[in-house]
Amino acid sequence: MAAPLLELRELAKSFGGARALRGVDFDLHAGEVHALLGENGAGKSTLIKIVTGAHHPDRGTIRIAGETVVHLTPATAHALGIACIYQQPALFPDLTVTENIALRLDSDPPVRRINWKARRERARGLLARIGADISPEAEVRALSMPEQQLVEIACALGAGARIVIMDEPTASLTQKEQELLFAVVRELRASGVGVIYISHRLEEIFALADRVTVLRDGESVGTNAVSEIDEAALIRMMVGREMTQIYPPGEASPGDLVLALRNLGCAASGVHGVTLDVRAGEVFGLAGLVGAGRTELARILFGLTPADCGEILLNGRPVAPRSPLDAVALGIAYVPEDRRRHGVVLELPIAHNMTMAIHRQVFRGAWLRFGAERLLALEFIRDLAVKCPGPEAPGSSLSGGNQQKVSLARWLATKPRFLILDEPTQGVDVGAKSEIHKIIRRLAKEGLAVLLISSDLPEVLGMSDRIGIMRGGTLTVVLPGNADAHAVMSAALGQKP
Amino acid sequence: MSRHFRELSVAAALAAVLVALAIFAPAFFQPQPLLSLVTREAPTLVVACGMTLVIICRQIDISVGSQFSVCSVCAGLLAAMNWPLALVPPAAIATGALLGAVNGVLIAGLRLPSIVVTLAMMVTLRQGLNMVRQGEFVNLPDRVQWFGLSQVDGQWALVFTALLLLVVLGLAMRHLAAGRFVYAIGSDAEAARLSGIRPQLGTFLVFVFMGGLTGLAAAMNMMQSPQVQPLAGSGLELKVIAAVVVGGVAISGGRGNLWGAFTGLLLLACIAPALTHLHIESYWEKAIQGAIILLAVVADSVRSRNEIR
């Protein structure tokens, strides 16, 4: 048998302290569709970025068609015939299909007359090869998402790609578009191209792939022929791990009902029919895949995208937050997902960051009292054990975990009754992570109702008193806190447990 | 220390220029010419205060020069119509605030980029003024110049007004919640919004404030001469933005303060008289100012790159 098209051995990569990949083996043969499966954060994206030359591995070898490649850059990856089709196509929207394809494939000297006729013909030919009914003269802006993906695939073909990577290509496609895409993938396979296919949807993997490799915590758990494995076994491979962390124990008896949602929905953000209860002293975990609508739900509750149907009851009273200001006044706090973009303001001192949401309450009149602000900041710094030079240090001087604590402090300062945490430990090192877990548990003990959104499965399992699973914009199941990983993952993937 | 490094380094540069002048051209420090120099810069300082807020808010206003001209002409015409002198500056401020509100609505309300909006505003106001006034000067009644005070008293009054504004605004930016909002909006509008601050409203008000201060500056400028020229404000925007940037206010928003802008303005304002006193040809003025601005921008970029690590 010929050498595989792509062979990865013992690939490892760390970002800062976080180990994204810790020894991954993977191979891909010509004329094969090889699916890559794993939870959020299992290392799929990092793996793809290494293969396309965007990241360099810390160690491990990459062999392409039997040749060891030492220094893979985006340019060499392109030259070696590696192409990646992302979920969001990276085309130039104001140029035509022909121009986009030409930009990818040709490297003309800047000043020379271009033979547009030949280019249009080539574009037409490539599009015909994948059975796409798209005019080469169409502006990319006018094309639908799947059509743009087809143009990407045409580019890849035109470049003579031997290895095509598809990263969740069906995430935004309708059933019919999906079938068209599958036909194209099968076409590629028949013509001897190797396809790495990344998807969360198990049914697609069974419909399309020849083999499947499961990644978990940056390691390859196993590679199987699709014909020899079933869904249950795949899910087991994705979640089967020992609890490496000790989670603080939960509260035995939650208190009064704090938040109740009745058939809540918002057409603009795709959330519909969510019904759930969260009690004082309870950590309600919200699990699901990326795009399942969890952050969108949080944004509704925080008044960022107000609900257009259903009811929100806070302590039994119906409320309708229409802005963050409303939400804060009602006692709802939201620690957002992306702390670098929406959380801690890096330029401002820690103390300013902590009091950002409470000017109106704590500082009577308009005059800021620095003494009071400093005291408050020092209190939070001690209380949450924020490691920092002092309340005057800028947010940028902190590590990720400590930034997250500052973001948390800002919201605790508003004295909320209901706290939404969106991925509170994403990109945080292990030590800070367990500190944040202890803080969450303590807050719950103090009577706060906590909604914990997390893609970190062990975290949801370990921290939650109950676990809600969202899928396709709605809450599908609520499981008890002692549910097992398999049940949660099955529900998130939409499989019968 | 390191937190104010940028402001202190501008102050050090200013001190160095002043020391050099004290040694080589002590004539610079004669009280009367110095007071005249400072008085001429007083309106610029007022506009620079507003511009500092605008830039901290991660916006820019290049229409201040044209706004200044319009406010000057309006104030001049009112004074020439024998309005009571006490009402002329408020009228100028109101005119400026109105122009600022137009900018504010377009930028904050329609979320258009401030550079484009204020560029359009700059050109429109300038050409409109040319069309209406045909370049005609407004001759002012005698009682307008120096408020009818003696020249020295009038000069002190203007300098005092500008410094008072600087101090009050500087304290307000530090001690009022509103000041903190401006920093928060400029640093990260989305984080500010999530924290219950209304970034669009804040931005709008900053532009209104900028316009009002421009009007005040125009009135202060009018008090210094017997007539108003319709091009009084041309080039003002560049001078003011340069001073603010030299003073360490980051063009990317959220960082810097009024004290820095103040020292930056003094530094740039010293260059021209210093050249005269040192008998260097005045052609060098713009070149040296340009070099200082470039140096300031490079210093900022190096600093922020070091911080990202």
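Residues numbered from 1 in each chain as written. Chains lettered and ligands numbered in written order. Predicted model: local features only at pLDDT ≥ 70, side-chain atom pairs only at ≥ 80, totals over all residues. Heavy atoms only, no water.

Enquirer: Give a detailed account of the overall build of chain B, specifying residues and quantitative values.
Expert: When helices and strands are counted, chain B shows 12 helices and 2 strands. Across chain B, helices and strands are ordered from the amino to the carboxyl terminus as α-α-α-α-α-β-α-α-α-α-β-α-α-α. Over its C-alpha trace chain B gives a radius of gyration of 19 Å, about what one expects of a compact globule, namely 19 Å for 309 residues. Based on the C-alpha atoms only, the size of chain B along its principal axes is roughly 60 × 50 × 35 Å. The buried share among the 309 residues of chain B stands at 52%. The long-range fraction of contacts in chain B, counting pairs at least 24 apart against all pairs at least 6 apart in sequence, stands at 81%. Taken as a whole, chain B presents about 14100 Å² of accessible surface, with 71% of it coming from carbon and sulfur. (Helix = DSSP H or I, 4+ residues; strand = E, 2+ residues; numbered from the N terminus. Rg over C-alpha atoms; globule rule 2.2 N^0.38 Å. Buried < 20%, exposed > 50% of the residue type's maximum accessible area, 1.4 Å probe, protein only. Contact = heavy atoms within 4.5 Å. Areas by Shrake-Rupley, 256 points an atom, 1.4 Å probe, with all protein chains shown as cover.)

Enquirer: Residues and numbers for a nonpolar patch on the surface, please.
Expert: Residue and element names in this part refer to chain B. On the surface, a cluster of nonpolar side chains totalling about 810 Å² of accessible area is made up of Val19, Ile23, Phe24, Leu278, Ile280, Tyr283 and Trp284. It is helix H1 (residues 5-24) that contributes the most residues to the nonpolar patch, 3 residues altogether. Position of Val19 relative to the elements: it lies in helix H1. With relative accessibility at 48%, the residue Val19 sits in the partly exposed group. (Patch = residues over 30% accessible without salt bridge, like charges linked within 9 Å, V, L, I, M, F, W, Y side chains within 5 Å. Salt bridge = Lys/Arg side-chain N within 4 Å of Asp/Glu carboxyl O.)

Enquirer: I'd like to hear about the sheet that holds strand S9 (residues 211-216) of chain A, residue by residue, with values.
Expert: Residue and element names in this part refer to chain A. Overall, mixed pairing links the 6 strands, which are arranged S6-S7-S8-S3-S9-S10 in an open sheet. A strand with exactly one partner marks an edge of an open sheet, and here the two such strands are strand S6 (82-85) and strand S10 (219-225). Each adjacent strand pair in this sheet contributes to an overall mean axis angle of 20 degrees, direction not counted. In the sheet, S9 pairs with S10 via 6 bridges, with the strands oriented antiparallel. Along S10, the bridge assignment pairs Arg211 with Ala225. Each of S6 and strand S7 (163-167) touches helix H5 (residues 145-158); the most contacted strand, S6, lies at about 180 degrees to it. Its contacts with the sheet put helix H8 (residues 231-239) on strand S3 (33-37), S9 and S10, and the angle it makes with S9 is roughly 30 degrees. (Pairing = 2+ DSSP bridges. Axes fitted to C-alpha atoms, helices over the stretch in contact; angles between N-to-C directions.)

Enquirer: Summarise the pattern of salt bridges; cite the residues concerned and give the values.
Expert: Across all of its chains, the model carries 22 salt bridges over all chains by this definition. Where Glu7(A) meets Arg63(A), a salt bridge forms, and the shortest distance between an N and an O atom there is 3.4 Å. Residue Glu7(A) is found in strand S1 (residues 6-15), and its partner Arg63(A) is found in strand S4 (residues 59-64); the two are separated by 56 residues along the sequence. The residue Lys239(B) makes a salt bridge to Glu41(B) at a minimum N-O spacing of 3.5 Å. Of this pair, Lys239(B) sits in helix H10 (residues 236-246) while Glu41(B) sits in helix H2 (residues 31-56), placing them 198 residues apart in sequence.

Enquirer: Explain the pairing of S6(A) to me, and be specific about the residues and the numbers.
Expert: Residue and element names in this part refer to chain A. The alternating pattern of S6 places Ile82 and Cys84 on one face and Ala83 and Ile85 on the opposite face, and all of these are buried. Bridge count between S6 and S7: 4 bridges; the pairing is parallel. What sits directly across from Cys84, in S7, is Ile165.

Enquirer: Describe in detail the domain arrangement of chain A, supporting the description with residues and values.
Expert: Residue and element names in this part refer to chain A. In terms of domain boundaries, chain A breaks down into domain 1 (6-239) and domain 2 (257-492). With 8 residues of domain 1 at the contact, the number on the domain 2 side is 9 residues. Here domain 1 packs against domain 2, burying approximately 780 Å² in sum over the two surfaces, 69% of which is carbon and sulfur. In this assembly, domain 1 and domain 2 are joined by 0 salt bridges. Along the contact surface separating domain 1 from domain 2 lie 0 residue pairs in polar contact (both at pLDDT 80 or more). (Domains from an automatic or database assignment. Buried area = accessible area lost by both parts, 1.4 Å probe. Polar contact = N/O pair within 3.5 Å; in protein donor to acceptor, adjacent residues only side chain to side chain.)

Enquirer: Break down the interface of chain B and chain A for me, citing the residues and quoting the values.
Expert: Of the residues lining the interface, 25 residues belong to chain B; the matching set on chain A comes to 29 residues. It is His175(B), Arg180(B) and Leu194(B) in chain B that bury the most area against chain A; as a group they hold 30% of the surface buried on that side. Our enumeration of links across chain B and chain A arrives at 1 salt bridge. Here Arg180(B) and Glu373(A) are joined by a salt bridge, their closest N and O atoms 2.7 Å apart. Viewed at the interface, chain A and chain B are joined by 3 residue pairs in polar contact (both at pLDDT 80 or more). A total of 6 residues in the side of chain B that touches chain A trace back to one element, the largest contributor, which is helix H7 (residues 177-187) of chain B. Considered class by class, the residues forming the side of chain B that touches chain A number 9 nonpolar, 6 polar and 10 charged. (Nonpolar A, V, L, I, M, F, W, Y, C, P; charged D, E, K, R; others polar.)

Enquirer: So what's going on with the packing of helix H6 (residues 151-175) of chain B against H7(B)? Residues and values would help.
Expert: Residue and element names in this part refer to chain B. Running from N to C, H6 and H7 point in directions that differ by 75 degrees, and their axes come no closer than 5 Å. Taken together, the axis directions place H6 and H7 in an arrangement best described as roughly perpendicular. Contacts from Ala172, Met173 and His175 of H6 reach H7 at Ala177, Gly179, Arg180, Val182 and Tyr183. For the contact of H6 with H7, the residue count by class is 5 nonpolar, 2 polar and 1 charged. (Parallel < 35°, antiparallel > 145°, perpendicular 65-115°, else oblique.)

Enquirer: Tell me about the sheet that holds strand S20 (residues 474-480) of chain A, and name the residues and values.
Expert: What holds strands together in a sheet is hydrogen bonding between their backbones, with the strands either parallel or antiparallel. Residues and elements named next belong to chain A. Read across the sheet, 6 strands follow the order S16-S17-S18-S13-S19-S20 without closing on themselves; strand pairing throughout is mixed. Edge positions in the sheet fall to strand S16 (332-335) and S20, since each of these pairs with one other strand and no more. The mean inter-strand angle of the sheet, taken between neighbouring strand axes irrespective of direction, is 20 degrees. Note that strand S17 (residues 418-422) and strand S18 (residues 449-453) share 5 bridges and pair parallel. The residue bridging Ile420 from the neighbouring strand is Leu451, located in S18. Its contacts with the sheet put helix H15 (residues 400-412) on S16 and S17, and the angle it makes with S16 is roughly 170 degrees. Contacts from helix H18 (residues 485-493) reach strand S13 (283-287), strand S19 (466-471) and S20, with the element oriented near 25 degrees to S19.

Enquirer: Please provide a residue-by-residue account of the packing of aromatic side chains, values included.
Expert: As enumerated under the stated definition, the model contains 3 aromatic pairs over all chains in all. On the basis of an interplanar angle of 90 degrees and a centroid distance of 5.1 Å, the ring pair of Phe28(B) and Phe29(B) is categorised as edge-to-face. Taking the relative accessible area as the measure of exposure, Phe28(B) reaches 5% and is therefore buried. One aromatic cluster is present, built from ring pairs that chain together Phe302(A), Tyr334(A) and Trp411(A). Here Arg119(A) stacks its cationic end above the ring of Trp116(A), 5.6 Å away from the centre of that ring. (Phe/Tyr/Trp six-rings, centres within 6.5 Å; stacked < 30°, edge-to-face > 60°. Lys NZ or Arg CZ within 6 Å of the ring centre and 35° of its normal.)

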